[in-house]
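Coordinate inspection notes
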Amino acid sequence: MEKLEQLYEGKAKKVFKTDDPQLLIVDYKDDATAFNGLKKGSIAGKGVINNQMSNRLMAKLEKQGVPTHFVQELSERETLVKKVSIVPLEVIIRNISAGSFAKRYGVEEGIVFDAPTIEFSYKNDELGDPLLNSYHALALKLATPQEIEIIKDYSFKVNDFLKAFWAECGVILVDFKLEFGRLADGTIVLADEISPDTCRLWDAKTHEKLDKDRFRRDLGGVEDAYAEIMKRLLDHDAQ
């Protein structure tokens, strides 16, 4: 598979064309941003961890009946993926109150919900990714009613699987963000990544944060947290 010109560079990844129009190469960077790019930094080795963790989790999700854009890991930082057009809806599933939810509704972090919540935000950096509901998504023609139902169904499936998987690793899945894309034939698949950049992951015993919140909140030990979460995943898979 030949790597051709760069198509795009985002906050955490670069995307390249290949000699197959339906396939792209994603290259994960160590750059880190928070608060819609207002805070910038770098987390050593993050690209390698996010790439490999995302690929392993997506391969597992495929077996659970959730189609993804993942094709093949090419190197520690590069992965071959199916070309998709991203649905401009960020999906956030929450199992426990944290982050913007706690701030927005004036509740403490750590409240365990009776059932997971789902929220959508409009994927638009200029507008600061505003929250919206499915009626807004339809009004803005971001997705069809059928696509929204498929996305919701897949998102809760992902949550069920990841919650159970991380629990086996001694980790609590607090919340996470997903993005979906359309293949050329319109099929909805899970895209983007699943990593400590996109999930809140707490140690089950100590509630120590093992995710990007360490960077957002200047808690220190960011590299160690990413390495620890990757170690737990690899230890689990080695059993």
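Quick summary incoming for the structure in this document. (Residues numbered from 1 in each chain as written. Predicted model: local features only at pLDDT ≥ 70, side-chain atom pairs only at ≥ 80, totals over all residues. Heavy atoms only, no water.)

1. Looking at the nonpolar core
In terms of nonpolar packing, the biggest core is built from 46 residues, with Leu89, Trp166, Leu190 and Ile194 touching the most fellow members. Elements with a minimum of two residues in this core: β4 (31–34), α1 (46–63), β9 (89–96), α4 (145–168), β12 (171–182), β13 (188–191), β14 (199–203) and α6 (222–238). The greatest single-element share of this core, amounting to eight residues, is contributed by α4. Apart from residues lying up to four places away in sequence, Trp166 is in contact with Met53, Leu57, Val171, Leu173, Leu201, Ile229 and Leu233. With five residues, the next largest nonpolar core counts Val15, Val26, Tyr28 and Val81 among its residues. (Core = buried A, V, L, I, M, F, W, Y, C linked by side-chain atoms within 4.5 Å. Buried < 20%, exposed > 50% of the residue type's maximum accessible area, 1.4 Å probe, protein only. Helix = DSSP H or I, 4+ residues; strand = E, 2+ residues; numbered from the N terminus. Contact = heavy atoms within 4.5 Å.)

2. Details of the packing of aromatic side chains
The full count for this structure, using the stated rule, is five aromatic pairs. An angle of 20 degrees between the planes, with centres 6.5 Å apart, marks the rings of Tyr154 and Phe180 as stacked. Taken together, the residues Tyr154 in helix α4 and Phe180 in strand β12 connect sequence positions 26 residues apart. Each member of the pair, Tyr154 together with Phe180, is buried. Ring centres of Phe161 and Phe165 lie 6.0 Å apart, and the angle between their planes is 20 degrees; this geometry places the pair in the stacked category. A residue pair is termed a helical-turn pair when its members lie 3 or 4 positions apart in one helix, as Phe161 and Phe165 do in helix α4 at four residues. A relative accessible area of 4% means that Phe165 is categorised as buried. The structure contains a cluster of three or more aromatic residues connected by ring pairs, namely Phe101, Tyr105 and Phe113. Over the ring of Phe16 we find Lys3; its NZ or CZ atom is 4.2 Å from the centre of that ring. In this arrangement the basic side chain of Lys39 is found over the ring face of Phe215, its NZ or CZ atom lying 4.8 Å from the centre. (Phe/Tyr/Trp six-rings, centres within 6.5 Å; stacked < 30°, edge-to-face > 60°. Lys NZ or Arg CZ within 6 Å of the ring centre and 35° of its normal.)

3. Some points on the pairing of strand β3 (residues 23–28)
The element β3 is extensively covered by neighbouring structure, given that six of its six residues are classed as buried. Because side chains alternate across β3, one face comprises the buried residues Leu23, Ile25 and Asp27, and the other comprises Leu24, Val26 and Tyr28, equally buried. The pairing of strand β2 (residues 13–18) with β3 spans five bridges and is antiparallel. Across the sheet, Phe16 pairs through a bridge with Ile25, a residue of β3. (Pairing = 2+ DSSP bridges.)

4. Quick notes on the sheet that holds strand β1 (residues 3–9)
Pairing within the open sheet is antiparallel, and its five strands lie in the order β1-β2-β3-β7-β6. Because the sheet does not close on itself, it has two edges, and the strands there are β1 and β6 (70–73). If you compare each strand with its neighbour and ignore which way they point, the axes differ by 30 degrees on average. Bridge count between β6 and strand β7 (residues 78–82): three bridges; the pairing is antiparallel. When the bridges of β7 are listed, Glu73 appears paired with Thr79. Of the strands in this sheet, β3, β6 and β7 touch α1, which is tilted by about 130 degrees from β6. (Axes fitted to C-alpha atoms, helices over the stretch in contact; angles between N-to-C directions.)

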